[in-house]
Amino acid sequence: MLAIVCPGQGSQSPGMLGPWLELDGAAARLDGFSRAAGLDLAAHGTTSDAETIRDTAVAQPLIVSTSLLAVHAVLDGLGGHTAAEIADVTAGHSVGEFAAAAVAGVLDDADAVGLVAQRATAMARAAAATPTGMSAVVGGDPAEVLAAIAAAGLTPANVNGGGQVVAAGDLDSLAALAANPPAKARVIPLQVAGAFHTEFMRPALDAFAPAAAAQAAHDPRTVLLSNADGRAYGDLPGATGPHGSGTEVLARLAQQIVAPVRWDLCQETLVGLGVTGLLELAPGGVLTGLARRTLPGVETVAVKSPADLDAARELVRRHTSSPASSAAESPSTQENAS
């Protein structure tokens, strides 16, 4: 059983789109994403510096666009199937949920990028109103970590599993946590512009919710997990019918702006579903790292650049249980076709 997962904010890096734009069709696809977002994503993904792409209004559509370019590149070597046909389950971390919604067929690609650009603008404005931030707390006793976060007046905005919790709040409180970390834990500031997934983002939710409610959406075409609680939407294995509509998914995507990301619960659901292979889309690395610590026996591949595409396709062939996999091109078929 194959999971396709999509990374969140902080995974961006300067120049990360350069190698992808060398692939056939990628520049044209990105041009469409740029129009949807109202941004020059090609410039931001190739020449903009780290500070520029740290801006929430830029980072979020850039990350989602990179994930979608990557999944299309993977699919190009798999016989023309859609992502929903090869993924048994998909999930995204924070803003990665928008890419996952596109993988699941809830949103068209351009709609996902356009909608996340509206979310990003709203969150950037909310972040600018009050100086806030986020720091990863790695290691330590889980109960002691949560107690230390609360004692500092912060919120556990991401509970990621694998000994990682992300604290969010005002900058003075984050500095106090760093100065007095929990025992056997490290506090690492993250390259984000605000205290996302906390009440500091309430103005962003108020601004974004109408846009999410107005967006056309399809019901999931494969299982899609929610960050809120790890709940699965879509046609679940062994169920008598589909669970959750596209409209419900978009409502949860809006509420996620002020709700903690429970990636630990998403990973528990992946285990419960029987996932055996996990493919992380670009700009990947963090989620496969967490999976290696919390999903024993699950084979992982992070698509960081086009150099990882062959490994990604092999992972898909080995682990997808979709009927479409029987028609996916084998290595020999690809060689003959080329």
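Residues numbered from 1 in each chain as written. Predicted model: local features only at pLDDT ≥ 70, side-chain atom pairs only at ≥ 80, totals over all residues. Heavy atoms only, no water.

The condition that has to hold: UniProt positions are given in the numbering used here, feature names are shortened, and annotations may be inferred rather than shown by experiment.
Per an unreviewed UniProt entry, the chain is named [acyl-carrier-protein] S-malonyltransferase, and its organism is Cellulomonas cellasea. We quote the UniProt Catalytic activity (unreviewed entry) comment for the chain here in full: "holo-[ACP] + malonyl-CoA = malonyl-[ACP] + CoA".

## Structural notes on the overall build of the chain
So the rule is basically this: A run of H or I in DSSP counts as a helix once it spans at least four residues, and a run of E counts as a strand once it spans at least two, with each numbered from the N terminus. As defined in this context, the radius of gyration uses C-alpha atoms, and a globule is described by 2.2 Å times the residue total to the power 0.38. Residue exposure (1.4 Å probe, protein chains only): buried if accessible area is under 20% of the type maximum, exposed if over 50%, otherwise partly exposed. Per-residue and other accessible areas follow the Shrake-Rupley method at a 1.4 Å probe size, with only the shown protein chains counted as cover for residues. Positive charges come from Lys and Arg, negative ones from Asp and Glu, while His and the chain ends are left out of the count. Every charge is mapped onto a representative atom, which is NZ of Lys, CZ of Arg, CG of Asp or CD of Glu.
Check the secondary structure of the chain and you find 15 helices and 10 strands. Over its C-alpha trace the chain gives a radius of gyration of 19 Å, about what one expects of a compact globule, namely 20 Å for 338 residues. Scored against the burial criterion, the 338 residues of the chain give a buried share of 54%. Carbon and sulfur atoms provide 53% of the accessible area of the chain, an area that totals close to 13,300 Å². Charge centroids of the chain, computed over 18 positive and 33 negative side chains, lie 4 Å from each other.

## Quick notes on the packing of helix α4 (residues 56–75) against helix α14 (residues 309–319)
Rules: For helices, the fitted axis covers only the stretch in contact; all axes are lines through C-alpha atoms, and the angles between them, taken along N-to-C directions, range from 0 to 180 degrees. Our angle categories are set so that under 35 degrees counts as roughly parallel, over 145 as roughly antiparallel, 65 to 115 as roughly perpendicular, and the remainder as oblique. By convention, the crossing between two helices is left-handed when the near helix turns anticlockwise from the far helix through less than a right angle, and right-handed when the turn is clockwise. Residue contacts are counted whenever heavy atoms from the two residues lie within 4.5 Å of one another. Note on residue categories: nonpolar means Ala, Val, Leu, Ile, Met, Phe, Trp, Tyr, Cys or Pro, charged means Asp, Glu, Lys or Arg, and polar means any other residue, Gly included.
Viewed as axis vectors pointing N to C, α4 and α14 meet at an angle of 70°, and their least axial separation amounts to 9 Å. Here α4 is positioned roughly perpendicular relative to α14, judged by the angle of their axes. Helix-helix and strand crossings are classified by hand; for α4 and α14 the assignment is right-handed. Within the contact between the two elements, α4 uses A70, A73 and V74 and α14 uses L309, A312, R313 and V316. Here the residues of the contact of α4 with α14 sort into six nonpolar, no polar and one charged.

## What to know about the sheet that holds strand β5 (residues 164–170)
Where we set the bar: A pair of strands is treated as paired once DSSP finds two or more bridges between them.
Spatial strand order, β4-β5-β3-β6: four strands in an open sheet with antiparallel pairing. Of all the strands in the sheet, just β4 (155–161) and β6 (185–189) have a single pairing partner and so form its edges. Going from strand to strand, the sheet's axes swing by 25° on average, the running direction of each strand aside. Pairing of strand β3 (residues 132–139) with β6 involves five bridges; the strand directions are antiparallel. When the sheet's bridge partners are listed, S135 is paired in β6 with P189. Sheet contacts for helix α8 (residues 142–151): β3, β4 and β5; angle to β5, the most-contacted strand, approximately 5°.

## Examining α4
For clarity, the cut-off: Each helix should span, by expectation, one fewer than its residue count multiplied by 1.5 Å.
If you check α4, its first and last C-alpha atoms are 29 Å apart, about what 20 residues at 1.5 Å a residue would give, namely 28 Å. Here α4 lies mainly inside the structure; 20 of its 20 residues are buried.

## Examining the packing of α4 against helix α7 (residues 109–129)
Remark: α4 packs on α7, axes separated minimally by 7 Å, with the N-to-C direction vectors making an angle of 160°. Between α4 and α7, the crossing angle belongs to the class labelled roughly antiparallel. In this structure, the crossing between α4 and α7 has a hand that is right-handed. Counted together, T56, A57, Q60, P61, V64, S65, L68 and H72 of α4 and D109, V113, V116, A117, R119, A120, T121, M123 and A124 of α7 form the full contact between these two elements. Residue composition of the contact of α4 with α7, grouped by class: 10 nonpolar, five polar and two charged.

## Some details on the domain arrangement of the chain
In plain terms, the rule: Per the annotation, domain bounds derive from an automatic or database assignment of domains. Summed over both partners, the accessible area (1.4 Å probe) lost when two parts come together is defined as the buried area. Here a salt bridge means any side-chain nitrogen of Lys or Arg lying within 4 Å of a carboxyl oxygen belonging to Asp or Glu.
As far as domains go, the chain holds domain 1 (2–128 + 198–319) and domain 2 (131–190). The interface is formed by 13 residues belonging to domain 1 together with 14 residues belonging to domain 2. For the pair domain 1 and domain 2, the summed buried area comes to about 1,000 Å², and 56% of that belongs to carbon and sulfur atoms. A per-residue breakdown of the area domain 1 buries against domain 2 is headed by T198, F200 and L290, which together make up 35% of the total. For the interface between domain 1 and domain 2, the tally reads zero salt bridges.

## Here's the deal with the nonpolar core
Our working rule: In this description, a nonpolar core means a group of buried Ala, Val, Leu, Ile, Met, Phe, Trp, Tyr and Cys residues linked to one another through side-chain atoms lying within 4.5 Å.
The biggest cluster of nonpolar side chains holds 76 residues, and the ones touching the most others in it are W20, V64, L68, M201, F208, I257 and L279. The dominant element in this core, judged by the number of residues it contributes, is α4, at 10 residues. The residues that make up this core include at least three from each of domain 1 (2–128 + 198–319) and domain 2 (131–190). Those residues in contact with M201 that lie beyond four places of it in its chain are M123, A126, A127, A195, F196, I257 and V258.

## Points about the packing of aromatic side chains
Counted only if it meets this: Only rings of Phe, Tyr and Trp enter the pairing, Trp through its six-membered ring, and a pair is recorded when the two centres are within 6.5 Å. The plane angle decides the type: under 30 degrees is stacked, over 60 is edge-to-face, the rest tilted.
Evaluated as defined, the whole model comprises one aromatic pair. Aromatic pair F98 and F208: ring centres 6.2 Å apart, planes at 65°, arrangement edge-to-face. Of the two residues, F98 sits in helix α6 (residues 96–103) while F208 sits in helix α10 (residues 202–214), which places them 110 residues apart along the sequence. You'll find F98 and F208 in the same group, each marked buried.

## Here's the deal with the pairing of β5
The element β5 is largely enclosed, with a buried count of six among its seven residues. Relative to β5, β4 runs antiparallel, the two being bridged by five bridges. Residue pairing across strands places V159 opposite V165, the latter belonging to β5. The turn joining β4 and β5, which pair antiparallel and follow one another in sequence, is formed by two residues; a positive phi near 65° is taken by G162.

## Things to note about the side chain of S173
Inspection of the secondary structure assignment puts S173 in helix α9 (residues 171–179). Excluding residues that lie within four positions of it along the chain, S173 makes contacts with A152 and L154.

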